[in-house]
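Observations on chain architecture
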2 protein chains.
Amino acid sequence: MDGENRNIYWHEHVVTAEDRWTTYGYKSCVIWFTGLSASGKSTIANALCKELHKLKVKSYILDGDNIRHGLNKDLGFSPHDRTENIRRIGEVANLFVDAGLIVMTAFISPFREDRNNARKLLKGGKFIEVFVKCPIQECSRRDPKGIYKKAIAGEIKEFTGISSPYEEPQLPEIILETDRMTLEECTEYLLNYLIENEYINCSKLTDRLVK
Amino acid sequence: MDGENRNIYWHEHVVTAEDRWTTYGYKSCVIWFTGLSASGKSTIANALCKELHKLKVKSYILDGDNIRHGLNKDLGFSPHDRTENIRRIGEVANLFVDAGLIVMTAFISPFREDRNNARKLLKGGKFIEVFVKCPIQECSRRDPKGIYKKAIAGEIKEFTGISSPYEEPQLPEIILETDRMTLEECTEYLLNYLIENEYINCSKLTDRLVK
């Protein structure tokens, strides 16, 4: 290795995650949504983000829109690149958690090993895996971007659920069945999970609701 | 390209940067520190982070500690990898700005082109370049990690300022001369800059100082 950066030492930042927790009244974590295309990952993430914003809980969503056009625009869709895509997302989520935010990731993330690598990074209850479960028939019926149609016509290779596998989570923290639950039910379920598991402390937050 | 992710559309998140600004009373931006090793980048960034935390302004530092061990651990120190290192840092900084934080980056970032690429990403006054200026004689005298000693002995190749160039910023927003200014002076200067340029709105913040 060349260059001065080889001399890297871990040290605690002056403002720690602990400081942020004490000050802001909520604990940072990543809510990792996984599921087929059109299962509802981004929609639920955005609805939850809105609710958290009302409570002044800082949150952020990492999704294809802001990741594939930016940080990961050098990556394609080969198996190596897909794994690298999820690896980087896990690392960025880890930075956001360190910064004290509740960060949501909304990617298909079809492979168990890739998701588990992210889980390993985010130890101590900081990784909440949410399986957004929806039968592929329902997803392809919704098909908001018309991509299932293309995939079924063979115009898209390695399409998750059709020509490429989706590995269901074995022990996700949460399962949301979006063919049976409304968006409001999903959002409420997640919010209750965060409160019951003490990620957010409502008694600390109620006096500073966003008007 | 294969895979469903090719169908990516830009869309506004439900909670916008504007919403966050209205709610939190400060504007997100990146404060991009650049300068030789041991010039004081991380020290100043940490001091400023502490002051911002007191004002409940959420900030975060990206530095070698959290980037080179994680997101960029696949990168070495070749010219390509150094450029890719800074590219990814710019992209991650951009995500943090989008999330509403004041993010600081503390990397030597010796090449003008790499820094300017980050600047291009962060348009509209979101990029504040801070040249942490310190003569190399003073940096190598400080030498907290003993790496100047190694570099001068030829044990480290391509060491910025010794065997690899440092391209000074031509029009940085701020220059801090750390051989002439104290840490307190540097921190105060930055804080005043953020107030005067309306990144932080003190009248909105004074009622919620961290006890």
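Everything that follows concerns the structure shown earlier in this document.
Residues numbered from 1 in each chain as written. Chains lettered and ligands numbered in written order. Predicted model: local features only at pLDDT ≥ 70, side-chain atom pairs only at ≥ 80, totals over all residues. Heavy atoms only, no water.

Quick word on the side chain of Asp143(B)
All names here are of chain B. Inspection of the secondary structure puts aspartate 143 in the loop between α6 (136–142) and α7 (147–152). For the buried aspartate 143, no salt bridge exists, and the shortest N-O distance to an oppositely charged side chain is 6.1 Å, to lysine 149. A distance of 2.9 Å separates a polar atom in the side chain of aspartate 143 from the backbone nitrogen of isoleucine 147. Of note is the side chain of aspartate 143, whose polar atom sits 3.1 Å from the backbone nitrogen of lysine 149. When near neighbours in sequence (up to four residues on either side) are disregarded, aspartate 143 contacts Ala38, Tyr148 and Lys149. (Helix = DSSP H or I, 4+ residues; strand = E, 2+ residues; numbered from the N terminus. Buried < 20%, exposed > 50% of the residue type's maximum accessible area, 1.4 Å probe, protein only. Lys, Arg positive; Asp, Glu negative; His and termini not counted. Salt bridge = Lys/Arg side-chain N within 4 Å of Asp/Glu carboxyl O. Polar contact = N/O pair within 3.5 Å; in protein donor to acceptor, adjacent residues only side chain to side chain. Contact = heavy atoms within 4.5 Å.)

Focus on the pairing of strand β3 (residues 102–106) of chain A
Residues and elements named next belong to chain A. In terms of residue burial, β3 counts as a mostly covered element, since five of its five residues are buried. Side chains Ile102, Met104 and Ala106 of β3 all project onto a buried face; the interleaved residues Val103 and Thr105 project onto the opposite face, where all are buried too. Summarising the sheet, strand β1 (residues 29–34) and β3 pair through five bridges and their orientation is parallel. By the bridge assignment for β3, cysteine 29 is matched with isoleucine 102. (Pairing = 2+ DSSP bridges.)

Quick word on the pattern of salt bridges
Summed over the entire model, instances satisfying the criterion amount to 26 salt bridges over all chains. A salt bridge links Asp74(B) to Arg87(A), with the nearest nitrogen and oxygen atoms 3.2 Å apart. Here Arg87(A) lies in helix α4 (residues 79–98) and Asp74(B) lies in the loop between α3 (64–71) and α4 (79–98), a pairing that spans two chains. Judged by its relative accessible area of 21%, Arg87(A) falls in the partly exposed class.

Concerning the nonpolar core
By size, the foremost hydrophobic cluster in this structure holds 40 residues, and its most contacted members are Leu62(A), Phe96(A), Leu62(B) and Phe96(B). Where this core is concerned, the elements lending two or more residues are β1, β2 (59–63), α3 (64–71) and α4 of chain A together with β1 (29–34), β2 (59–63), α3 and α4 of chain B. Excluding residues that lie within four positions of it along the chain, Leu62(A) makes contacts with Ile67(A), Ile89(A), Val92(A), Ala93(A), Phe96(A), Val103(A), Met104(A), Thr105(A), Ala106(A), Phe107(A) and Leu95(B). (Core = buried A, V, L, I, M, F, W, Y, C linked by side-chain atoms within 4.5 Å.)

Focus on the sheet that holds strand β5 (residues 174–177) of chain A
All names here are of chain A. Reading across from one edge, β2-β3-β1-β4-β5 is the order of the five strands in this open sheet, with parallel pairing throughout. The open sheet terminates on both sides in strands that have one partner only, identified here as β2 and β5. Averaged over all pairs of adjacent strands, the angle between their axes in this sheet comes to 20°, without regard to strand direction. Against the sheet, helix α8 (residues 183–196) makes contact with β1, β4 (127–133) and β5, and its axis sits at roughly 165° relative to β5, the strand it touches most. (Axes fitted to C-alpha atoms, helices over the stretch in contact; angles between N-to-C directions.)

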